[in-house]
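# Analysis of the macromolecular model
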Amino acid sequence: MTEPLTRARAFADDATRVTDVLELTFDQRERSRLRVRMLSGEEIGIDLPVGTVLHQGTKLLLDDGRVAAVEAAEETLLEVTAGAPADLARIAYHIGNRHVPIEIGDGWLCILPDHVLQAMVEGLGGRCVTVSRGFQPERGAYGHSHVHHHHDDEGHGGRIHVMAGGTD
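Conventions adopted
- Residues numbered from 1 in each chain as written.
- Predicted model: local features only at pLDDT ≥ 70, side-chain atom pairs only at ≥ 80, totals over all residues.
- Heavy atoms only, no water.
- Pairing = 2+ DSSP bridges.
- Helix = DSSP H or I, 4+ residues; strand = E, 2+ residues; numbered from the N terminus.
- Axes fitted to C-alpha atoms, helices over the stretch in contact; angles between N-to-C directions.
- Contact = heavy atoms within 4.5 Å.
- Salt bridge = Lys/Arg side-chain N within 4 Å of Asp/Glu carboxyl O.
- Buried < 20%, exposed > 50% of the residue type's maximum accessible area, 1.4 Å probe, protein only.

### Describing the sheet that holds strand β11 (residues 127-134)
Pairing is antiparallel in the open sheet, where four strands are placed in the order β9-β10-β8-β11. Since the sheet does not close on itself, it has two edges, and those belong to β9 (103-105) and β11, each with one partner. Adjacent strand axes in the sheet meet at a mean angle of 30 degrees when their direction is disregarded. Note: strand β8 (residues 74-81) against strand β10 (residues 108-111), three bridges, orientation antiparallel. Counted as the bridge partner of Leu78 is Ile111 from β10. Packed onto the sheet, helix α2 (residues 85-96) meets β8 and β10 and runs at close to 25 degrees relative to β10. Its contacts with the sheet put helix α3 (residues 115-123) on β8, β10 and β11, and the angle it makes with β11 is roughly 135 degrees.

### Section: the pattern of salt bridges
Per the counting criterion, the structure on display carries nine salt bridges. Linking Arg35 and Glu43 is a salt bridge whose minimum nitrogen-to-oxygen distance equals 2.7 Å. Note on Glu43: relative accessible area 29%, which makes it partly exposed. Its salt-bridge partner being Arg66, residue Asp64 comes within 2.8 Å of it at the nearest N-O pair. Overall, the relative accessible area of 43% leaves Asp64 in the partly exposed class.

So this is what it looks like as structure tokens:
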């Protein structure tokens, strides 16, 4: 008989001591129910309210009292740069109009790989380079919600998510 899967169903306080770590891609962090493997090798289930998005540093309380911290796993991204700050701002504006997750840094933007967005960025004079690192997109201007766009070839389908962990 198989033992029941330990589950994360709640959040732990920031001050709580971490006992294990979960490295999750952005796609995994925006799913509220999934089976994952912690760095220790143990599999657990995540069972959180629908629409929850996890962030770097979020602490999850496991059924048995242990606490797992969420880290952004390394993944393939497009890093966007431009010749001048105004050009990068213009590109950020147009990416923002597509309601896709975006990470903003000093002189660069990062987005998930998307050939349509890459063509748009390059058409606006920007440069795209493929990089591999943890993706930590902006949380949105309205506190704990974020409109997210799942890309398909037609470019439709925004969803609203409840944000979890960290402060804005």
